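Structural features, examined
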Amino acid sequence: MSIARTAALSLAAASLLVSSAALAERQVGVDVNVQIGAGAQPAPPPAAPAPGPVYAPPPAPGPVYSSTPAPVAGEPGWVPPPPPRRMEYEHKSLTLDINPFALLIGRVGPNVQILPTPHHALVINPFWVVTADRAIRFRSETSYNGSTTTTATDSEARYGGYGAEIGYRFYTASVSAQGFYIGPSIIFAQYSSSESDGAGGTLKTNPKQLGWALDAGFQKVFWSGFTIGAGLGLQVTQVDKGLQQSHPNTYKALNGVLPRFLFALGWSY
């Protein structure tokens, strides 16, 4: 091969090499531009996190079935159910009681308390006065020939009657007739008395009594209904004069300003 031909081939190879380099340079620029343009776009949003575990309460235990039947009443192993428990402060709207202290003045009768609403009680006390007897000795003297004869005659005086008290009480407890209480009442009664006049006759009187009273005290109602209470009061009454003439002691016990001693024993329903 000649020098000229060799030189021509070398020159052709160099031209081809230069052309390849230029083409490669253009391709690299295009790729760079594409990458730069793509970088200007906004980044895609991040993927949502995977959902966590969801808590659910454990299921309620279902009925437990047994192949053994429950014992029947009266059979071995049967246990009776407990009786329903009564509440101690269950409201009771009716109370019946008596006052033993009233026997000191010969008076007997029930005390009825009706509670149409909590705290408020209507009190009704019908009463009877037990007949009270007292001995009376009539003395007479007879003179004859300077001597004196004394004659004594014994007789009895009877006294009795009936009446009622109607009143109101306010109780501090919200159920039943219990707690501290206070309340007024009115009193009216009809009495009768008779006694011998010492001459074979009889003296009779029919006095009336009117008045009012104010009482205060404390009362407790237990869960069973048993009721107990105590208190004090004051009454102002007026009795006809006829009773003063025939029974002065009884007149003093029923007339004027007098204390009252209250004591209640009874049951609430």
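The structure this text deals with has already been given above.
Quick look at the structure, then.

Cut-offs applied
Residues take numbers from 1 onward in each chain, read along the sequence in its written order. Predicted model: local features are reported for residues with pLDDT of at least 70 only, side-chain atom pairs are reported and counted for 80 or more only, and whole-chain, interface and lining totals are derived from all residues. Based on all heavy atoms of the structure, the side-chain values leave hydrogens and waters out of the count. Salt bridges are defined by distance alone: a side-chain nitrogen of Lys or Arg within 4 Å of a carboxyl oxygen of Asp or Glu. Under the DSSP-based scheme used, a helix requires at least four consecutive residues in state H or I and a strand at least two consecutive residues in state E, with every element numbered from the N terminus. Throughout this description, buried means an accessible area under 20% of the type-specific maximum (1.4 Å probe, protein chains only), exposed means over 50%, and partly exposed covers the range between. It only takes one pair of heavy atoms within 4.5 Å for two residues to be counted as in contact.

Attention shifts here to the pattern of salt bridges. All told, the structure shown has three salt bridges when counted by the stated rule. Close ionic contact of Glu-165 with Arg-107 constitutes a salt bridge, the shortest N to O distance being 3.0 Å. You can see Glu-165 sitting in strand E5 (residues 147-171) and its partner Arg-107 sitting in strand E2 (residues 107-108), a full 58 residues away along the chain. Per residue, the accessibility class of Glu-165 equals that of Arg-107, and both read buried. As a salt-bridge pair, Asp-215 and Arg-260 come within 2.9 Å of each other at their nearest N and O atoms. With Asp-215 in strand E8 (residues 208-221) and Arg-260 in strand E10 (residues 256-268), this residue pair connects regions lying 45 residues apart in the sequence. This pair shows no difference in class: Asp-215 is buried, exactly as Arg-260 is. Shared partners join several salt bridges into a network, and the residues in it are Arg-107, Glu-165, Asp-215 and Arg-260.

Quick look at the environment of Ala-121 now. Position of Ala-121 among the secondary structure elements: in strand E4 (residues 120-144). For Ala-121, a relative accessible area of 2% puts it in the buried group. The spatial distance from the C-alpha of Ala-121 to the C-alpha of Tyr-171 is 7.7 Å, given a sequence separation of 50 residues. When neighbours within four sequence positions are excluded, Ala-121 is seen to be in contact with Gln-113, Ile-114, Leu-115, Gly-167, Tyr-168, Arg-169 and Tyr-171.

The quantities given are spatial measurements derived from coordinates; they are silent on function.
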